Amino acid sequence: MDWNPQTPQVMSQSFLDTLFPQPEICRHAEEKLSYSADTPNYIIVVLSLVAEPSIDEQTRQYAAINFTNHLKTRWMSSSDIHISDGEKEKIRTLIVPVMLSATRKIQDELSEAIAVIGDHDFPEFWQVLLPEFESSLEMAINSNDFTSVNSILAIVCSLFKRFCCGFNSLFKKFRYQPKRNNIMSDLIYCSDNFATPLLSTIQSISRKINVAATVGSVATIRQLLEARRLRCRLKVTCIN
């Protein structure tokens, strides 16, 4: 499946038709998407649709949901129909910029998708992720984009949730695992790549909270407090 000038409208219509009240139209759209899902590059096309600014917000959100559900069933599928290594590499390259440029609802969906990928690939096959988050976090803080700041921190908190004992945190796995070589390697990698930006984030958020307390809006203060909560979860987990 390839991306061409007609693809956005064709795919958009298919997603919208799945919600159509007439059963025949809805069923036809679902069958069309199901067939397309088995073709190469389908997942790349859907992610491109999510990123397409000319498409309405609702359709892009449906596409983001479809994208995440597709990842859940096919990222590590052992069947003949799976996401190829080439497609995986493209997704790992594209997904963070697409997420950070999206609205909150789409960010929530793509954050879940990143967690799904990270559950299998991070850090061994996705070593650029934390450096990418570091640069994105710095830009988001400098531009007062606290929605993106909180999205990044939330993803970092949840990437390693498979290692947690009831608490979603990127580094939590190190607290309850035997110090095997692979665990220690992951810990060193995470510390080397995120300790410094985390400290910088803590300092920046603290300064911005002090300013917002006198001149900021309620919405801004709420976002800053959420950022403080998330970075505290990371900080406490890292030092325990």
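One structure accompanies this document, and this report is about it. (Residues numbered from 1 in each chain as written. Predicted model: local features only at pLDDT ≥ 70, side-chain atom pairs only at ≥ 80, totals over all residues. Heavy atoms only, no water.)

What follows is about the pattern of salt bridges. Tallying each qualifying case throughout the model produces six salt bridges. We note a salt bridge from arginine 104 to aspartate 108, for which the minimum N-O separation is 3.3 Å. Here arginine 104 pairs with aspartate 108, and both are found in helix 6 (residues 104-121), just four residues apart, close to one helical turn. (Salt bridge = Lys/Arg side-chain N within 4 Å of Asp/Glu carboxyl O. Helix = DSSP H or I, 4+ residues; strand = E, 2+ residues; numbered from the N terminus.)

Here the focus is the side chain of arginine 60. Along the chain, the position of arginine 60 falls in helix 4 (residues 57-74). Beyond its immediate sequence surroundings of up to four residues, arginine 60 is in contact with Leu49, Val50, Ala51, Glu52, Pro53, Ile55 and Ile106. (Contact = heavy atoms within 4.5 Å.)

Compared with an ideal rise of 1.5 Å per residue, which puts 15 residues at 21 Å, helix 2 (residues 23-37) spans 21 Å between its outermost C-alpha atoms and is within 8% of the ideal. All of the buried residues in helix 2 are Cys26, Ala29, Leu33, Ser36 and Ala37. End-on view of helix 2: buried residues confined to an arc of 105°, all on one side of the axis. Turned more than 90 degrees off the buried face of helix 2, the exposed positions are Pro23, Glu24, His28 and Tyr35. On its buried side, helix 2 packs onto helix 1 (7-17), helix 3 (42-51) and helix 4. (Expected span 1.5 Å × (residues − 1). Buried < 20%, exposed > 50% of the residue type's maximum accessible area, 1.4 Å probe, protein only. Arc of directions from axis to C-beta.)

Take the nonpolar core next. Grouped together as the largest cluster of nonpolar side chains are 60 residues, with contacts concentrated most on Phe67, Leu71, Ile91, Ile95, Leu110 and Phe133. The residues touching phenylalanine 133, leaving out its near neighbours within four places in the chain, are Val96, Ile152, Ile155, Val156 and Phe194. (Core = buried A, V, L, I, M, F, W, Y, C linked by side-chain atoms within 4.5 Å.)

Now for the packing of helix 5 (residues 85-100) against helix 7 (residues 129-142). Packing of helix 5 against helix 7 leaves a shortest axis separation of 11 Å and a crossing angle of 25°. Between helix 5 and helix 7, the interaxial angle falls into the category roughly parallel. Our pair here, helix 5 against helix 7, has a crossing hand that is right-handed. For the pair formed by helix 5 and helix 7, the contact residues are Arg92, Thr93, Val96, Pro97 and Leu100 on the first element and Leu129, Glu132, Phe133 and Ser136 on the second. Per-class residue counts for the contact of helix 5 with helix 7 are five nonpolar, two polar and two charged. (Axes fitted to C-alpha atoms, helices over the stretch in contact; angles between N-to-C directions. Parallel < 35°, antiparallel > 145°, perpendicular 65-115°, else oblique. Left-handed = near helix turned anticlockwise from the far one by under 90°. Nonpolar A, V, L, I, M, F, W, Y, C, P; charged D, E, K, R; others polar.)

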